[in-house]
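Letter by letter, the chains look like this.
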Amino acid sequence: MNKEELINRLKPIVSNYTQEKEALENISEDTDFIKDLKINSANLVDVILDVEEEFDIIIDNESMEKMLTVGASIEVIEDKIDKK
């Protein structure tokens, strides 16, 4: 699965937690969940739980702390998928 496909699978998950629809339409690896999409930290945990379910992976706390941008999240997802 390439990065574009991962972003396309992340987009509907993230859309449930952001009001910044314009930023969501322009989502890229550089997109910051908190700064750009205005997702608060409590909802960011919900995003991560939804990502675990969508990709059938388990994200440990250390990896979770890294998932502040779309790009960092993709790296974590790819790593966890590779280790399955």
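It should be noted that the structure appears before, not after, this text.
Parameters and conventions
- For every chain, the first residue of the written sequence is number 1, and numbering continues from 1 onward in sequence order.
- Under the rules for a predicted model, residues below a pLDDT of 70 receive no local features and side-chain atom pairs below 80 are neither given nor counted, while totals for whole chains, interfaces and linings still include all residues.
- For side-chain calculations, the full set of non-hydrogen atoms in the structure is used, while hydrogens and water are omitted.
- For this document, the term salt bridge refers to a Lys or Arg side-chain nitrogen within 4 Å of an Asp or Glu carboxyl oxygen.
- Helix and strand definitions follow DSSP, with helices as H or I runs of at least four residues and strands as E runs of at least two, each counted in order from the N terminus.
- Angular values range over 0 to 180 degrees, each being the angle between N-to-C directions of two axes fitted as lines to C-alpha atoms, with helices fitted over their stretch in contact.
- Relative orientations are named as follows: roughly parallel for angles under 35 degrees, roughly antiparallel for angles over 145 degrees, roughly perpendicular for angles from 65 to 115 degrees, and oblique for any other angle.
- Handedness of a crossing follows from how the near helix is turned relative to the far one, being left-handed for an anticlockwise turn of less than a right angle and right-handed for a clockwise one.
- Note on contacts: a residue pair is in contact if any heavy atoms of the two residues lie within 4.5 Å.
- Under this grouping Gly is polar, as are all residues other than the nonpolar Ala, Val, Leu, Ile, Met, Phe, Trp, Tyr, Cys and Pro and the charged Asp, Glu, Lys and Arg.

A. Quick look at the pattern of salt bridges. Counted according to the given criterion, the structure contains 5 salt bridges. The partner of D60 in a salt bridge is K80, and the shortest N-O contact between them spans 2.5 Å. Taken together, the residues span a long stretch of sequence, with D60 in the loop between α3 (41-55) and α4 (61-66) and K80 in helix α5 (residues 70-82) at a distance of 20 residues. Residue D79 is joined to K83 by a salt bridge in which the shortest nitrogen-to-oxygen separation is 3.4 Å.

B. Layout of the packing of helix α1 (residues 3-15) against α3. Where α1 meets α3, the closest approach of the two axes is 10 Å, and the angle between their N-to-C directions is 130 degrees. When the axes of α1 and α3 are compared, the pair comes out oblique. For α1 against α3, the interelement crossing comes out right-handed. Between α1 and α3, the contacting residues are L6, R9, L10, I13 and V14 on the first element and V47, D50, V51, E54 and F55 on the second. Classifying every residue of the contact of α1 with α3 by side-chain character gives 7 nonpolar, no polar and 3 charged.

These figures come from the coordinates and say nothing about function on their own.
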